[in-house]
Amino acid sequence: MTPDRSIASTRPCFTLAALALLCIAACGGGSQSTPSQPSPSPPPQQFALTRLSTDTFTNSDSQHATEVEPGIFAAGSTIVTAFQVGRRFNGGASDIGFATSTNGGSNWTNGLLPGLTVNLGGTYFAASDPSVAFDKAHGAWIIASLLIASGTDLVAVSRSADAMSWGNPIVVSTTNDADKQWITCDNTANSPFYGHSYLEWDDPSMPANGLIWMSTSTDGGVTWSAAVNTASLTSGLGGQPVCQPNGTVVVPIMSADGTAMFAFTSADGGVTWNAQVTVANITDHVVAGNMRTIALPSATVDASGRVYVVWQDCRFRAGCSSNDIVLSTSSDGSNWTAPIGIPIDAVTSTVDHFIPALALTYYFYPVANCTTTTCQLEVGFISSPDGGNTWSAPTTMAGPMSLAWLPNTSSGVMVGDYVATAFSSGHAYTVFAVAHANSGATFDEAIYANTNALLAADRQSQQRSAMRPESAVTHTSDHGPRKYYDLDNEHPIQPRKQ
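Since we're looking at a predicted model, the values are computed, not measured.

(A) Summary view of the pattern of salt bridges. Within the structure shown, the criterion is met by eleven salt bridges. The partner of K180 in a salt bridge is D129, and the shortest N-O contact between them spans 3.0 Å. In this pair, K180 is assigned in strand β12 (residues 179–185) and D129 in strand β8 (residues 126–135), connecting sequence segments 51 residues apart. Overall, the relative accessible area of 3% leaves K180 in the buried class. One salt bridge connects R468 with E470, and the closest N-O pair in it is separated by 2.3 Å.

(B) Structural context of the state of the cysteines. Applying the stated criterion across every chain yields a total of two disulfides. Two residues share a disulfide in this structure: C314 and C320, whose sulfurs sit 2.1 Å from each other. Taking the sign of the torsion about the S-S bond as the criterion, the disulfide between C314 and C320, at about -90°, is left-handed. Its relative accessible area of 3% is what places C320 among the buried residues. Disulfide partner of C370: C375, at an S-S distance of 1.9 Å. Measuring the twist about the S-S bond at about 90°, one finds the C370-C375 disulfide to be right-handed. The pair C370 / C375 is uniform in exposure class, with both members buried.

(C) Representation of the environment of P492 within the structure. Of note, P492 is situated in the segment after β32 (464–465). A C-alpha to C-alpha distance of 9.2 Å links P492 and M206, two positions 286 residues apart in sequence. When residues no more than four places from it in sequence are discounted, the contact partners of P492 are K483, Y484 and Y485.

(D) Just the nonpolar core, in detail. Ranked by size, the top nonpolar core spans 45 residues in total, and within it M291, F354, Y363, Y365, L377, L406 and F432 carry the most contacts. Here the element with the most residues in this core is strand β30 (residues 427–439); it accounts for seven residues. Setting aside anything within four residues of it in sequence, one finds L377 in contact with M291, F354, Y363, F364, Y365, G399, P400, M401, L403, L406 and V415. Within the second largest apolar cluster, 23 residues are counted, among which are V250, M261, A263 and V326.

(E) Spatial organisation of the pairing of strand β14 (residues 211–217). With respect to burial, β14 is a largely interior element, seven of its seven residues being buried. Burial along β14 is two-sided: the face carrying L211, W213, S215 and S217 and the face carrying I212, M214 and T216 are both buried. As paired strands, strand β13 (residues 197–203) and β14 are joined by seven bridges and run antiparallel to one another. When the sheet's bridge partners are listed, D203 is paired in β14 with L211.

(F) Highlighting the sheet that holds strand β24 (residues 352–357). Here we have four strands laid out as an open sheet, ordered β24-β25-β26-β28, and antiparallel in their pairing. Two strands lie at the open edges of the sheet, namely β24 and β28 (395–402), each paired on one side alone. Direction aside, the axes of adjacent strands within the sheet are offset by 20° on average. One ladder, built from four bridges, connects strand β25 (residues 361–365) with strand β26 (residues 376–381); its direction is antiparallel. Across the sheet, the residue bridging to T361 is F381, located in β26.

(G) Region of interest: the confidence of the model for the protein chain. With 89% of its residues at a pLDDT of at least 70, the protein chain reaches an overall mean of 89. In the predicted structure, residues 1–44 sits below a pLDDT of 50 and forms 208 contacts with residues beyond four places in sequence or in another chain.

(H) Seen up close, unusual backbone geometry. Cis geometry marks the peptide bond from H64 to A65; its omega dihedral reads -5°. Take A65: it is sitting in the loop between β3 (49–51) and β4 (67–75). Phi at D129 takes a positive value of approximately 55°, unusual for a residue other than glycine. Exposure remark for D129: the relative accessible area of 3% places this residue in the buried category. Its identity as a non-glycine residue notwithstanding, A163 has a phi of 65°, on the positive side. For A163, the position within the fold is in the loop between β10 (152–160) and β11 (170–171). Judged by relative accessible area, A163 falls into the buried class, the value being 0%.

(I) Highlighting the side chain of T283. Tracing the backbone shows T283 in the loop between β19 (277–281) and β20 (298–301). You can call T283 buried: its relative accessible area is 4%. In contact with T283, other than residues within four places in its own chain, are D313, C314, R315, T474, H475, T476 and S477.

(J) Quick peek at the sheet that holds β13. Taking strand neighbours across the sheet as the criterion, the three strands line up as β12-β13-β14 in an open arrangement whose pairing is antiparallel. Strand pairing shows two members of the sheet lacking a second neighbour, β12 and β14, which therefore form its edges. Adjacent strand axes in the sheet meet at a mean angle of 15°, parallel and antiparallel pairs treated alike. Bridging between β12 and β13 involves five bridges; their strand directions are antiparallel. Along β13, the bridge assignment pairs T184 with Y198.

(K) Inspection of the environment of S321 at higher detail. Following the sequence through the fold, S321 ends up in the loop between β21 (307–313) and β22 (324–330). Overall, the relative accessible area of 38% leaves S321 in the partly exposed class. Here S321 is in contact with H285 and A368, once residues within four sequence places are set aside. In this structure the side chain of S321 is engaged in a polar contact, spanning 3.5 Å, whose partner is the backbone oxygen of A318.

Conventions used here
- Residues numbered from 1 in each chain as written.
- Predicted model: local features only at pLDDT ≥ 70, side-chain atom pairs only at ≥ 80, totals over all residues.
- Heavy atoms only, no water.
- Salt bridge = Lys/Arg side-chain N within 4 Å of Asp/Glu carboxyl O.
- Helix = DSSP H or I, 4+ residues; strand = E, 2+ residues; numbered from the N terminus.
- Buried < 20%, exposed > 50% of the residue type's maximum accessible area, 1.4 Å probe, protein only.
- Disulfide = S-S within 2.5 Å.
- Contact = heavy atoms within 4.5 Å.
- Core = buried A, V, L, I, M, F, W, Y, C linked by side-chain atoms within 4.5 Å.
- Pairing = 2+ DSSP bridges.
- Axes fitted to C-alpha atoms, helices over the stretch in contact; angles between N-to-C directions.
- pLDDT = per-residue confidence, 0-100.
- Polar contact = N/O pair within 3.5 Å; in protein donor to acceptor, adjacent residues only side chain to side chain.

Here it is in structure tokens:
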């Protein structure tokens, strides 16, 4: 499976030539077999990793050396990832970095996007939330970023013809504020909207209160349409648009208060957007150690047009003691399957799983009930040969990491609000933040990729059955609704009137 957000997933949409790791086309929405209880996670297994970049900034308002929150996309043998460089406590980073491989992940070249921040020829304090797309019709690579200014944040795109040299940013949003943008492109040649790019963000400021906006480009990101809302004036956070082969755009998104997963669609090339539907209620566990993470979606689409969305959720754990990763699918963006549980660990284990990206990379704690001094953060990977019905044994890619090695933010210590996976020539490459011990006041957190392609699960290997919806035992999160419309805790959600 080639993700679109990563994931929450990578990002943009395209028809898959090969369904490598999640082989979703075979799923067809069939019923799940009786769940088997997986054994505890194997001992940590370090994969060979390649460091993609280094934070060399020295500005005093950032925590150095830190890199977090990668987005990724692959087209043929070219892979592009973008990420925050020099994370600030109160939002964003010194700039957005990128790393590009033109030979399927064998070698990488890195750099920084020009014209975004004051640290590199721009006018904005900081930049954040990068996502990556490729518009095949126009031969344009596009990185969408959030530009942080005094009193407002703006959505902008940077363009490149070769994924190496990037132009100055083109501002897209005109809303009072913006947060958590995401970009995707329709790369299906026989789609009626081939060559459309779609950009989503929300406005967390009052009186918008998390209102979702969508804008469309038909010229490779040079110009953008006036932004519009959904028919139901949906509010939310962390939406990830994906394109079906028939041209329909589906946007899974977390509700503004974090209690439900929504989705909305467009069937007319982004001119109008339908009212949201509920994918499922969110039942999630607060991750220990002041870790910055919530149940944001990671979404992708397969060659048949089936859409997949995953998020962290505790419904299969007694007392909401920790999170599993759950999966829901849809053929039309309006009707969704009840969430199944991905069987990484036995539901009686102490493991907590969070920040997932299809297919399927995630962070985890071996022991959920830990503290800022005892939590051990690791990176895991698991795959499915049949669209999520059964799964391979998980593998550990990196860790353990101490939380003291991570930069702090207004909403917790940070590796990123998402990780990402892309496929090049049928092989999977995943990018994520890995931290090592600090050197005095200087961090050592950077973006890494697996050096060698990840192995796909196959139908002959021993498989673990997904947890069926009726196996859910918990129906309430262990916390109340979210208190802020944004992840930097700047825009409070007003209490509901009784």
